[in-house]
Each structure stands twice: as C-alpha cells, then as structure tokens.
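Close look at the chain arrangement
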Amino acid sequence: MLNLRKSYKYTLLILLSLNSCSFFSSNIQEITSFKQAETTLSQTDSNTLVIFDVDETLTHNPLTHSQPWFEKTEIGKNFIAHVKHHIQSQQNPADYEKLIRGKRMIQYTDPLIEPEIVLIIKHLQDRGVKVIALTHMMTGSLRRTLIPSLPAWRYQKLKEVGIDFSQSFSDQEVWLTNLTSKFNRHPVLYHGILMTDDFSKGQVLGEFLDIMHLTPKKIIFFDDRPEYVTSVQEEMKKRGIPFQGFIYKGMDTLPQNIDQNILDYQLQYLKEHDEFISDQEAQKNIQETYAMKNNTLENFDDLWSLGEPALVEKKFKELLPEAQALENKSMYLQILSQIALAQAMQQKFNEAHQTIAQAEKQPLAQTDRGILLEKGRVFQQQGDFKQARYYFEQSYEVSKKFSHEFDAVNAAHMIAIVAENIDDKISWNQQALEMALTTNNADAKRWLGPLYNNLGQNYLEAQLYEKALSAFQKALEYRQLENYTPNIRVAKWAIGHTLRMLNRLEKSLKIQEELVKEYAQVTKTGKFEMPAEMFTLTRGWVYEELAHLYSAKKDVQNAQRFAQLALEDLSENTMFTTTQPDRLKELQKISENQS
C-alpha cells in the first residue's frame with residue numbers, strides 16, 4: 001500500500017514506469033526483500049559504499065495506527081481524526097505532540113522488518129565493505145530533557161536490534177558544518193549513521209563524501225521512498241560515481257490487521273496517560289479486564305476465550321479459593337482440571353501432574369470423569385498417547401456408567417484423537433457421532449459439528465476423499481446451526497480443501513477466494529470473535545490453499561503471493577510450526593517457484 005506521506009510525484013512516476021520492472025532507469029529497482037539484492041551485494045568490495053535508510057527500510061513502527069496503510073482505511077481516518085482532536089485540545093499542541101512521540105521513542109524499540117538484515121550487514125562489514133545508514137532525521141534533541149541527543153538515541157536503538165554501523169569509519173562523530181538548517185543545526189555522521197536534519201539525502205551524502213575525501217567505485221542505496229533514492233542518484237551522477245538504487249517495499253509484505261478494541265483502548269490510554277501503549281500491551285490489558293469482569297464461578301469456562309494459557313491459568317487460580325469453600329467440591333475439581341490443562345499447554349508438565357494429583361486427593365476425584373479426562377489431556381499434550389488413551393477410556397466408562405452423555409461423547413472423541421491407526425480413529429469418532437445423534441441431551445448434541453469435522457479429517461488421512469467431503473458438508477450444516485462465524489469459515493475451508501484433493505479446482509478456488517474476502521473484511525473491522533492468534537492461523541490455512549490452487553493452475557505470481565502470506569501467518573503459530581513443518585516447506589517451495 002502506498003504511504004499518503006509520499007508526494008503526488010510518486011503517482012506520476014508509477015504511471016511512467018508501467019512498462020518497466022524498475023523506476024527511472026535500469027539502475028534503480030523495486031524490491032520487497034533484501035534477498036532480491038543478494039547478487040548485487042555479493043559483488044561488493046572495500047571500494048563500495050553500501051547505504052541503508054532506517055525507518056521503514058531496516059525497522060518499522062509496530063503500532064498499527066502508525067503503519068503507512070492504516071491512514072487510508074476508514075477506521076484509520078476516524079482514529080487519526082480523534083487523535084488530532086485530542087492533541088489540538090491541549091494548551092500547547094506542538095509541545096504535547098513532541099511529548100507523546102518522545103515517550104514512545106524512549107519506551108519502545110522498533111523491530112526489524114527482515115531480521116536477516118543483521119547478518120547481511122555483518123557479512124558486508126566482515127568483508128571490508130563500508131556500510132552506513134542515511135536517515136532523514138533531526139540532529140538535535142527532542143524537548144531537550146526527554147531525548148537530549150537524537151543521534152545517540154538512533155545509534156542505541158539500532159544496537160538494540162543488533163545493527164552497528166560504527167566500524168566503517170574511525171571518525172565516530174563528523175558534523176557537516178557547511179550545511180546549516182534554519183534551526184541552526186547541521187547534518188552529522190554519528191557512529192556510522194548519517195543524519196540529514198533538514199537537508200536532502202543526496203546533498204548530505206555529497207557533502208559527507210567531500211569532507212571524508214571519498215570517491216567510491218560504486219554506491220548501493222536502499223530506501224523505501226523513491227524521491228530519496230533519486231536524490232542520491234542525481235548527486236552521484238554529478239560526481240560520476242556508479243550508482244545502484246533499491247526502492248525497498250518490505251513494509252508492504254507485513255500483516256495488515258486492525259483490531260478496533262485495541263485502537264479504542266490506545267486512544268483512551270492516550271487521554272489518561274499522555275502516551276501510546278503498544279498493541280501487545282493493549283491486548284494484554286483488554287484480556288485482563290475481560291477476565292476480571294468474567295472472573296466468577298458461574299462462567300469460569302469462559303476464561304478460555306482469553307486464548308493465552310498462562311493468563312488462563314492465572315485467572316483460574318484466582319477462582320480456586322472461592323470454589324474450594326463450597327460444600328460441593330465438583331466445581332473445585334473442574335477448575336483444578338482446567339488449571340492442569342492450561343499448564344500442560346505451556347509445557348509445564350510437572351506442575352500439571354501435581355495439579356491433577358491435588359485434585360485426586362479429593363473424595364470425588366476417583367469417580368469424577370472430568371479429572372480423568374483432563375489427566376488424559378495432560379499426557380496427550382506431553383506426547384504420551386498411550387497413557388492419555390488409558391485415562392480417556394476410564395473417563396468414557398465412568399461417563400457411560402453414570403449417564404453423563406456430554407462427557408461420554410467428549411471422551412470418545414479424545415480417544416479417536418490419540419488412537420494409533422486410522423481405522424481405530426474412524427471407529428471411535430463414529431461411536432461418538434452415534435451417541436450425539438441419538439441422545440436427547442442438548443449439550444451432547446453440540447458435539448455434532450466438531451465430530452463430523454474430525455471424521456472428515458480421518459477420511460482425508462485415509463484418502464477417502466468422497467467420504468471426507470460428505471462429512472465436512474455435514475459439519476458445515478451443524479456449524480451453521482451454531483451460528484458462530486469462525487467455525488463456519490473453518491468448515492467451508494475444509495470443504496474447499498477436500499475439493500482440491502478431488503481435483504475439482506474451480507469449485508475449491510471459488511470457496512477459498514470467498515473466504516479471503518471474508519477474512520479481509522474481518523481484518524478491517526477488527527472484530528475477530530476469537531483469539532487473534534487463532535484468527536491468524538485459520539486465515540493462514542486459506543492462504544495456504546490458494547497457494548496450492550494457483551500453483552496447480554500454473555499461476556506462478558498468485559501462487560507465490562499467497563504462499564508468502566501463508567508463511568507469514570502460519571509461522572507465527574508455534575504449535576503449527578512444531579507439528580506441520582512439511583506444510584511450511586511446501587509453501588516455501590511455492591514462494592520460491594521451485595518445482
């Protein structure tokens with residue numbers, strides 16, 4: 001997406017370059033990854049000067065409302081308008097704006113767009129190549145006491161992400177006093193970072209070369225803004241220095257997610273504390289506030305909607321004293337079992353087993369099907385499927401004996417998950433389905449959607465694709481009765497995936513393309529209706545399917561685009577990267593156009 005801060009001139013330049021893969025001339029290229037410049041960088045030597053812009057080239061502001069694309073959305077325009085109104089309402093708006101900007105600059109370190117750039121720069125430096133940064137930034141202070149030296153701040157923040165430009169030149173602080181801004185400041189080279197203050201990048205770089213008596217045999221420059229690249233190009237042309245420019249568009253490859261709840265929280269926090277809180281901190285605070293509102297015994301199970309197991313564990317533990325004080329210990333046992341599961345999901349298996357042991361000391365524990373079930377789940381998380389199955393079967397028998405149909409179905413479906421062979425999986429899922437279909441228990445019937453989905457997955461594994469398709473279509477019917485949109489989307493995805501397995505590519509493609517539009521709309525509204533990490537995961541599945549579909553249709557460009565999007569989403573999920581490495585490898589091949 002184009003940044004609105006970029007001039008109208010950029011739009012004209014795009015139109016002029018439609019018939020070319022680069023801007024202006026063959027020695028300026030547009031790239032989305034530094035990997036695309038590997039060949040050029042590999043040909044450098046000690047007579048080459050390699051230069052990197054900083055903001056939106058090496059690092060990026062992680063706040064959603066600071067992203068270039070954000071201000072073009074309706075939500076973004078509305079949010080920015082509220083922020084501007086708040087700033088203008090202050091006694092000294094200009095000073096207040098510096099205050100909130102300075103607080104953010106001190107508190108947070110902007111992450112790298114591509115972490116690999118640290119090694120790229122280091123390898124250049126190790127080979128004796130001169131490498132510096134060139135950034136359009138003031139060289140003075142920010143509110144004097146807040147950030148006394150912006151050059152020192154910039155140097156420190158880059159060091160925090162592993163980048164140090166100081167070794168190319170022995171002079172660590174060189175002021176370009178021939179250039180004086182209207183604020184009586186000068187550009188400066190500070191530990192390898194050339195800061196322009198109020199001057200153009202081409203002019204400052206030219207002055208720097210003169211002061212340092214440098215005549216490189218070639219200059220390579222990376223910047224996200226075309227006008228800065230041409231500024232340097234024109235200056236080098238005057239001097240007869242060969243130039244290679246790269247307009248870096250890596251920012252366009254980053255996720256573009258909007259969460260309205262986070263934006264609302266950040267705006268309120270700004271008004272109350274005069275600073276912006278990060279997206280991550282805002283999300284955490286929102287979750288904790290939600291947990292406090294729902295921190296009651298009656299709806300303790302709702303705490304799982306927080307998503308993060310560590311936070312779920314913490315909130316369950318806060319309920320324990322109240323549950324333990326009840327005469328009937330059943331709820332106390334249930335909460336203990338949920339704590340154990342949350343601990344197991346964090347790989348804290350010793351603690352999980354201790355929590356289960358604590359529950360088993362209670363009089364009801366030996367017959368409580370929930371404890372047996374969760375004990376099995378702890379072993380399942382631990383990877384001990386044999387032990388897990390033993391406790392799932394115990395829970396199943398107790399549930400059947402005392403006519404707890406919901407728990408019997410639950411236990412049967414867990415047995416199917418840990419069963420060793422596909423026939424056994426199918427058999428247990430069919431048993432669970434039979435119970436859910438014939439019972440009058442409304443809660444037990446809620447298992448029909450998940451069970452048909454699981455059975456469909458079993459049939460996929462057995463390569464019984466027609467049966468899988470039928471099961472997934474049934475799952476969709478029950479998901480639609482539930483009227484919970486995230487589950488409906490997953491059910492549609494499964495149908496589309498199976499159609500691809502049946503080589504019905506056009507029908508599959510239609511389903512996945514419609515889902516992409518849905519995910520895009522949800523992303524714009526920020527109303528995920530599920531934990532953000534699960535939203536990202538399921539969206540990644542859709543991108544993955546589209547990558548495979550376009551690859552099958554020999555549409556390389558779209559296949560690569562969706563493969564890259566899928567890799568970005570799916571790589572964020574630790575469970576997926578741990579359990580599905582082969583799927584990630586396939587996506588990597590598609591993204592690199594490997595057969």
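Coordinates for the structure precede this section.
As the structure is a computational prediction, the values presented were derived from the model and not from experiment.

Turning to the pattern of salt bridges, a few remarks are in order. Within this structure, the stated rule accounts for 27 salt bridges. Here Lys348 makes a salt bridge to Glu313, at a shortest N to O gap of 2.9 Å. One end of the pair, Lys348, is in the loop between helix H12 (330–345) and helix H13 (349–360); the other, Glu313, is in helix H11 (residues 309–324), with 35 residues separating them in the sequence. Accessibility expressed as a relative area gives 24% for Lys348, which makes it partly exposed. A salt bridge links Arg479 to Glu482, with the nearest nitrogen and oxygen atoms 3.2 Å apart. Of this pair, Arg479 and Glu482 both sit in helix H20 (residues 465–482), three residues apart, which is roughly one turn of the helix. Relative accessible area serves as the criterion here: at 33%, Glu482 is assigned to the partly exposed category. One network of salt bridges, in which partners are shared, links Asp210, Glu235, Lys238 and Arg239.

With that settled, the discussion passes to the side chain of Glu275. Mapped onto the fold, Glu275 is located in the loop between helix H9 (260–273) and helix H10 (279–293). Put simply, Glu275 is tucked away with no salt bridge, and the nearest opposite charge, on Lys103, sits 4.4 Å away. Dropping the residues within four chain positions of it, Glu275 is found in contact with Ile100, Lys103, Gln107, Tyr269 and Leu270.

In this section: H13. For H13, built from twelve residues, the straight-helix expectation of 16 Å at 1.5 Å per residue is met to within 8% by its first-to-last C-alpha distance of 16 Å. Along H13, the residues classified as buried are Phe349, Ala352, Thr355, Ile356 and Ala359. Along the long axis of H13, the arc covered by the buried residues comes to 120°, so they all point the same way. Set apart from the buried face of H13 by more than 90 degrees, the exposed residues are Asn350 and Gln354.

Interaxial distance between helix H23 (residues 532–552) and helix H24 (residues 556–570) falls to 7 Å at its minimum, and their mutual angle equals 155°. By the angle class used here, H23 and H24 are roughly antiparallel. Considering how the two elements wind past one another, H23 and H24 form a crossing that is left-handed. Where H23 abuts H24, its residues Thr536, Leu537, Arg539, Gly540, Trp541, Tyr543, Glu544, Leu546, Ala547, Tyr550 and Ser551 lie against Asn558, Ala559, Phe562, Ala563, Leu565, Ala566, Asp569 and Leu570. In the contact of H23 with H24, the residues fall into twelve nonpolar, four polar and three charged.

Conventions used here
Residues numbered from 1 in each chain as written. Predicted model: local features only at pLDDT ≥ 70, side-chain atom pairs only at ≥ 80, totals over all residues. Heavy atoms only, no water. Salt bridge = Lys/Arg side-chain N within 4 Å of Asp/Glu carboxyl O. Helix = DSSP H or I, 4+ residues; strand = E, 2+ residues; numbered from the N terminus. Buried < 20%, exposed > 50% of the residue type's maximum accessible area, 1.4 Å probe, protein only. Lys, Arg positive; Asp, Glu negative; His and termini not counted. Contact = heavy atoms within 4.5 Å. Expected span 1.5 Å × (residues − 1). Arc of directions from axis to C-beta. Axes fitted to C-alpha atoms, helices over the stretch in contact; angles between N-to-C directions. Parallel < 35°, antiparallel > 145°, perpendicular 65-115°, else oblique. Left-handed = near helix turned anticlockwise from the far one by under 90°. Nonpolar A, V, L, I, M, F, W, Y, C, P; charged D, E, K, R; others polar.

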